[in-house]
Amino acid sequence: MSSALREALPQKPSELHNSASTGLVTSKEIQPIDGFRCFLYCTLFPLGYEFEKDTLIQLWMAEGFIEERTNERLEDTGSIVFHSFVSKGFIVPLSCDFNDGSPKYKVSDNNISNIQQFSLNRYLLVEDVVPGFNLSDKWGDTSQLSHLSLHGKIDLTTFEAIKQCEYLRTLLINPRHDSCIKLVPRDLFLRLNLLRALKLSQTHISQLPSSIANVKSLRYIDVSETPIITLPESIGSLHKLLTLKLRGCTCFVALPKGMKNLTKLQHLDLDIVGQLSPMPSGMGNLINLQNLSGFIVDRDDGFHICELKNLNNLRGEICISRLERVPNSEEAMEAALLTKNYLNKLELRWSDLRVEEAEVEEGILECLQPHSGLKELHILFYGGSKLPSWFGHPSFADLTAIRPITLYKFKNCQFLPSLGELPSLKFLYIAEMNTVSEVDYRFCRNREDQGYHAFPKLEILKFDVMLKLEGWMGVQNGDFPSLVKLTLVYCPKLSTLLEVAKLRYRTGP
C-alpha cells in the first residue's frame, strides 16, 4: 500500500467503527483510522459552514486522499470515512436543504479549532477578505500553502494575492453577497498550474478563461449558481477532471464540444433538460460517468439515444427527453436501459407539441424497459395507444422498490395500465389522459378473477384533468388497503363512483 493511501484511508473498516468517540478530535485519535488528511481538509470550512456529504467526498477524491480499491468505488470508500466522522461527532448532521432535500452537515464547532494546530501551514482559511488584502503581509510565508479557502468581499485584487501561492492544490472562493467578481484573470491559471480543486460557485462570473486548460491537474470545478453562459472549448483537455458542477446556472446554454474527451469524468451536475438546448456529441465516451441528470436525443450522429449504451455506471436519476427523435425500436433498444442497475429514478419524455406516430412510439417505449430495482418512474407526453407489455407483465411486478409513478398526458391511450400488482407502489399520479372514458378491472389486475388485493401499499392516488372519464369499475373488496388520500380533479363527466365506495381509507398516524 502506498504511503499516500496509508495516510489518507482507513486500513480496516473495523478501525473506523471501533474507536471510542470522545466528541473532540486529536491527531492521535484520527491517525489510527488513517483519515487525518480527510479531516484536516475540513479546516477550510468556517464555523457553522454547511456542506453536502457528496461535495466533501468529491473534494477528497480531487486531492487524491482516497485511492481506488479493488471492486470498490472511490465514493464508497469516502463514504465509510465520512460516516465514521459522523459517528464520532466530528461531523454533525443538520436538517435537509429546503430546495432539493439534500442532507446538510457541518464540522463540530469544538473540532475545528482543535484540528487547526495540525495544519502545518498547508491549510489556510481566511474569513474576513476585503479588497486589497495581502496574504503574505498578514499570514507570512505562503510558499508552502497547498489549500486556501477565502470568505468575504472578493474582487480582482483578491486574485492578485492568490497568484503568490504557486503551489496551491485547492482554491475555494466563497464570496459575500456584495462581492463584485465578474471575471477570472487569464494569468491566474498560468500561475496555479498545480491546482486540483477549484470552487467559484455563487460568484458573478459569466465565463472562464481558456487558460484553464493550463491546469492539467484539475479534478474538480464548481461554478454552480453563477451567470456563466458557456465553458471554454479548451476544458476538453482537462483529462483528469472528475467533477464538474453547473447546477443553478440559469444562463448556461451549452457544454463544450470537447466533453467527449473527459473520459474520467464521474460527476456532471447540471439540469440538462432545463438548462441546455443541444447536448454535446459523443457523450457515450464518458463510460465512468455516474451522474447525468438528463439526455436530450437528437437525430444527428453522436446525439442518438444509443450514446447511453455503455453508461452503465449511471446512478441517481436521469430524464431522457425528445424521444420523438428516436427513429425506431431497434435504436431505443441500444440504449440498454435494462442494464442501468444503479438508476433510482427514470423520466421518459416526448415533446408535447408534435405529430404522434402511435405505433412507432409504442415500439420505442416497449424497448425502454428499466431495471427491476427502479424507485421512481415518470412517463410524459406518450403518444401510443397502448402501454408496453412490461407494465402488466409479471416481471414488472418485480419492481418491488418502485414508489412514485407519474403518467402524464397520454394522448391516445384508451385504458389505464394494470399497476395493481406492484407491491411497493405508494404514489400514483395520472393526468390529462383524455381518451380514457372508463377505469375498469384492468387497472387493478390483469384478469378479473385474479385473487389478490390490488395496490397493497398505495397511499396516494390522484386523477387530474380526465375530461372523458365517465366511470370507475372493477374495484374488489380489499383493494387499496393502504390508501390515505384519493384526489379527483376536474373530471367533469365522471358519474359512476359506486366502486370507489369499496375503498377503505387508512387514517394517518
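See above for the structure.
Residues numbered from 1 in each chain as written. Predicted model: local features only at pLDDT ≥ 70, side-chain atom pairs only at ≥ 80, totals over all residues. Heavy atoms only, no water.

Caption draft 1: Main features of the overall build of the protein. Summing up its helical and strand segments, the protein has 14 helices and 20 strands in all. Residue burial in the protein is summarised as follows: out of 509 residues, 51% are buried. By element, 49% of the accessible surface of the protein is carried by carbon and sulfur atoms, the whole surface being about 22,400 Å². (Helix = DSSP H or I, 4+ residues; strand = E, 2+ residues; numbered from the N terminus. Buried < 20%, exposed > 50% of the residue type's maximum accessible area, 1.4 Å probe, protein only. Areas by Shrake-Rupley, 256 points an atom, 1.4 Å probe, with all protein chains shown as cover.)

Caption draft 2: Main features of the pattern of salt bridges. For the structure shown, the criterion picks out 18 salt bridges. The salt bridge involving aspartate 479 is made with arginine 445; its shortest N-O contact spans 2.8 Å. Separated by 34 residues along the polypeptide, aspartate 479 in the loop between β19 (471-472) and β20 (485-489) and arginine 445 in the loop between β17 (438-439) and β18 (460-464) bring together distant segments of the chain. Using a relative accessible area of 2% as the deciding quantity, one classes aspartate 479 as buried. The network of salt bridges with common partners includes Asp352, Glu356, Lys409, Lys411 and Glu432. (Salt bridge = Lys/Arg side-chain N within 4 Å of Asp/Glu carboxyl O.)

Caption draft 3: Region of the structure containing the sheet that holds β18. If you trace the eight strands from one edge of the open sheet to the other, you get β11-β12-β13-β14-β15-β16-β18-β20, paired in parallel fashion. Unpaired on one side and paired on the other, β11 (294-296) and β20 mark the two borders of the sheet. Neighbour-to-neighbour, the strand axes of the sheet open up by a mean angle of 5 degrees, direction not taken into account. Relative to strand β12 (residues 316-321), β11 runs parallel, the two being bridged by three bridges. In the sheet register, isoleucine 296 faces β12, and the bridge partner there is serine 321. (Pairing = 2+ DSSP bridges. Axes fitted to C-alpha atoms, helices over the stretch in contact; angles between N-to-C directions.)

Caption draft 4: Seen up close, a positive patch on the surface. Positive charge collects at one region of the surface, where Lys375, Arg403, Lys426 and Lys457 lie side by side. Summarising the element assignment, lysine 457 is placed in the loop between β17 and β18. (Patch = residues over 30% accessible without salt bridge, like charges linked within 9 Å, V, L, I, M, F, W, Y side chains within 5 Å. Lys, Arg positive; Asp, Glu negative; His and termini not counted. Charge placed at Lys NZ, Arg CZ, Asp CG, Glu CD.)

Caption draft 5: Focus on the environment of proline 131. Along the polypeptide, proline 131 turns up in the loop between β3 (123-129) and α8 (135-139). Along the backbone, proline 131 and leucine 156 are 25 residues apart, and their C-alpha atoms lie at a distance of 8.0 Å.

Caption draft 6: How the structure looks around helix α5 (residues 53-63). Extensive coverage of α5 is indicated by the burial of nine of its eleven residues. Within the sequence span of α5, burial applies to Thr55, Leu56, Ile57, Gln58, Leu59, Trp60, Met61, Ala62 and Glu63. Immediately downstream of α5, the backbone of glycine 64 shows phi near 80 degrees, a positive value.

Caption draft 7: Summary view of the sheet that holds strand β8 (residues 243-245). Read from one edge to the other, the open sheet built from eight strands follows the order β3-β4-β5-β6-β7-β8-β9-β10, with strand pairing classed as parallel. The outermost strands of the open sheet, each flanked by one partner alone, are β3 and β10 (291-292). Alignment of strand β9 (residues 267-269) against β10, held across two bridges, turns out to be parallel. Its bridge partner lying in β10, histidine 267 is registered against asparagine 291. Across the sheet, α5 is in contact with β4 (147-152), β5 (170-175), β6 (197-199), β7 (220-222), β8 and β9; its angle to β7 comes to roughly 140 degrees. (Contact = heavy atoms within 4.5 Å.)

Caption draft 8: Structural context of the side chain of lysine 340. Along the chain, lysine 340 turns up in the loop between α12 (329-333) and β13 (343-349). Side-chain polar atoms of lysine 340 contact the side chain of asparagine 312, separated by 3.2 Å. Among all residues touching lysine 340, those that are not within four sequence positions of it are Leu308, Lys309, Leu311, Asn312, Ala335 and His371. (Polar contact = N/O pair within 3.5 Å; in protein donor to acceptor, adjacent residues only side chain to side chain.)

Caption draft 9: Focus on unusual backbone geometry. Phi is positive for alanine 336, which is not a glycine, with a value near 55 degrees. Along the polypeptide, alanine 336 turns up in the loop between α12 and β13. Even without being glycine, tyrosine 490 reaches a positive phi, approximately 50 degrees. By secondary structure assignment, the location of tyrosine 490 is in the segment after β20.

Caption draft 10: Highlighting a nonpolar patch on the surface. On the surface, Leu467, Val489 and Tyr490 cluster together into a nonpolar patch covering about 260 Å² of accessible area. Position of leucine 467 among the secondary structure elements: in the loop between β18 and β19.

Caption draft 11: The pairing of strand β14 (residues 376-380), seen in detail. When you tally the buried positions in β14, you get four out of five residues, the bulk of the element. Bridge count for β13 against β14 is five bridges, and the pairing is parallel. Among the inter-strand pairings, leucine 346 is bridged to a residue of β14, identified as leucine 377. Since β13 and β14 lie parallel, the crossover through helix α13 (residues 358-366) that links them has a hand, and here it is right-handed. (Right-handed = clockwise from strand over helix to strand, strands pointing away.)

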